[in-house]
Amino acid sequence: KAVELAPEFREARARLARVLATSGRLEDSIPHLQKVVELDPRDADGRLRLARALMEVRRTDDATKEVAALLAQQPDNLDGILLSGRIHAVNGNPEAAEREFSRVTDLSSATRDQRARAHLNMALLRQAQGRIQESIEFYGQTLKISPDQPQALFNLAVILASNQRLKGAAELYQRLLQLDPSRTDVRYRLAVTEMGRGELKAASEHFEQLVADRPLAIELVTSSSLLLAELGRGDEAADRLLAAISKTRDKAPKARLKSTLGAVEIKNGYLERGLGHLRDAVDLAPDVPEVRKRYAEALAGEKRYAQAVDEYVAYGALAPGDDQATFAHATCLIILDR
C-alpha cells in the first residue's frame, strides 16, 4: 500500500522486496529491487540484493551486469566478489571463480563469515570438478572458521560416508542434528550411516523417530522394519509392515512393502509364508526391480535355483548392469549344470 501511495518511496520498496523474497516470492521482488537501484544507483546493498535475486532465479546474465556495476563502484566489495565467483562457477568458468574466491581469502578486511563462504565455495568448486580430497580440505577449513556452517557439515558428511569413512560422517550428522533436530534428511542419513557402522541400536532409535513423524513413508518403514528384524524384533517389524500395507493403495509402494514383509517373515522362521509374500509382491508389481531381485535372492538362498534363475532373468531385463545380480545368476546356473 505504501508503494502504491508513493512509488518513489525507496525504503518502502526495499522493505516490500525483502518481505516478498523471504516469503518465497523471489521473482516478484526483483522489479522492486530494480526500482530501488534505479532511484539510487549508488546503493551498493540494494544492487547486491538485486544481483543475488537474479542469480537465484538463474538470470545469470542480468546478475553479471549488476555485479559488474557494483564492483565498478566498490572494487573491494567482498560480498560482490563472492557473488561474482559464484556466477563464474555457474557459468562453467572455474578458473575465474577460483580467482574471485581467492581474493576474498587473501584480503585482511574479510570478515570471518566472508572467509568461511569463500572456503565453502572453493570446496563446492573442487567437489564439482571431482577433486574430492581437495574439497574435503576446503570443507575442513570452512569449519575451522565457522564450526556450525550447515552446508559444509552436510556436504563433508556425505563425502565421508560415500568413501566409507563412516565414523567421521556420523559425527558430522550428529552435529547437524544438534543444530537443527527437525532435519529429517540428516537423521535419515545418520541412521543409514549407523547401520553401515554396525551400530544397529543407534540406527534403530533414529529410524523410530523418523517413522513416528512419517508412518507411511515407504523407505522409512522398510528400512526400519529390516533393522528391527536384525535386532530380533521380527514380530514388531511384521506388524509395522502389515499396518503400512493396509493403508497403501498404489501398487508399486505396496509391492515394496510386501517384499520387505517377505524378507522379514523368512528371517522370523516362516519360510513359506515369507516366500508367498515375495511372490505376491512380484505379481502385484512385476516391473519394480528391487521386488524381483529380493525374490530371486530369497529363492537362491533356499536352494530353489531353477526358480531363482527365472527371477534373475526378469530382474536383469529391468536393471541391466547389476554385477552382483549377474554373479548370483551365474552361480545358480553353475549349480544347475547349465
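Worth saying up front: this structure is predicted, and the values here are computed from it rather than measured.

Trainee: What is the right way to read the overall build of the protein from this model?
Mentor: A count of helical and extended segments in the protein gives 20 helices and zero strands. Taking 20 Å as the expected radius of gyration for a compact globule of 338 residues, we find that the protein reaches 27 Å, considerably beyond that expectation. Summarising the internal contacts of the protein: among those between residues at least 6 apart in sequence, 45% fall at separations of at least 24. Looking at the protein as shown, the accessible area adds up to about 17600 Å², and 50% of this sits on carbon and sulfur atoms. On the protein, the mean spot of the 49 positive side-chain charges and the mean spot of the 50 negative ones are 2 Å from each other.

Trainee: Before we go on, may I ask you to explain the packing of aromatic side chains in this structure?
Mentor: Taken as a whole and assessed by the stated rule, the structure comprises two aromatic pairs. Look at Phe154 and Tyr173: their rings are 6.4 Å apart centre to centre, the planes differ by 65 degrees, and that puts the pair in the edge-to-face class. One end of the pair, Phe154, is in helix α10 (residues 150–162); the other, Tyr173, is in helix α11 (residues 166–179), and 19 residues separate them in sequence. One exposure class covers both Phe154 and Tyr173, and it is buried. Note on Tyr188 and Phe207: the rings are 6.0 Å apart at their centroids and 75 degrees apart in plane angle, and the pair reads as edge-to-face. Highlighted residues: Tyr188 in helix α12 (residues 184–197) and Phe207 in helix α13 (residues 200–213), separated in sequence by 19 residues. A residue is classified by how much of its surface remains accessible, and Tyr188, at 24% relative accessible area, is partly exposed. With relative accessibility at 1%, the residue Phe207 sits in the buried group. A cation over an aromatic ring shows up here: Arg273 above the ring of Tyr270, its NZ or CZ 4.1 Å from the ring centre.

Trainee: Looking at this model, I keep getting lost on the side chain of Glu100. Mind explaining?
Mentor: Position of Glu100 relative to the elements: it lies in helix α7 (residues 94–106). Since its relative accessible area comes to 11%, Glu100 is described here as buried. When neighbours within four sequence positions are excluded, Glu100 is seen to be in contact with Ile81, Ser84, Gly85 and His88.

Trainee: Please clarify how helix α15 (residues 234–247) should be interpreted in this entry.
Mentor: Because an α-helix packs 3.6 residues into every turn, residues spaced three or four apart end up facing the same way. Taking 1.5 Å of rise per residue, 14 residues should cover 20 Å, and α15 covers 20 Å from first to last C-alpha, within 8% of that figure. Summarising the contacts, the buried residues of α15 are in contact with α14 (218–230) and α16 (251–267).

Trainee: Help me out: how do you make sense of helix α2 (residues 10–22) in this one?
Mentor: With 13 residues, α2 should cover 18 Å at 1.5 Å per step; its first-to-last C-alpha distance of 18 Å lies within 8% of that length. Along α2, the positions that sit buried rather than exposed are Ala12, Arg13, Ala14, Ala17 and Leu20. In this structure, the buried side of α2 is in contact with α1 (2–5), α3 (26–39) and α4 (44–56). Remark: Gly24 follows α2 within two positions and exhibits a positive phi of approximately 90 degrees.

The rules we used
Residues numbered from 1 in each chain as written. Predicted model: local features only at pLDDT ≥ 70, side-chain atom pairs only at ≥ 80, totals over all residues. Heavy atoms only, no water. Helix = DSSP H or I, 4+ residues; strand = E, 2+ residues; numbered from the N terminus. Rg over C-alpha atoms; globule rule 2.2 N^0.38 Å. Contact = heavy atoms within 4.5 Å. Areas by Shrake-Rupley, 256 points an atom, 1.4 Å probe, with all protein chains shown as cover. Lys, Arg positive; Asp, Glu negative; His and termini not counted. Charge placed at Lys NZ, Arg CZ, Asp CG, Glu CD. Phe/Tyr/Trp six-rings, centres within 6.5 Å; stacked < 30°, edge-to-face > 60°. Buried < 20%, exposed > 50% of the residue type's maximum accessible area, 1.4 Å probe, protein only. Lys NZ or Arg CZ within 6 Å of the ring centre and 35° of its normal. Expected span 1.5 Å × (residues − 1).

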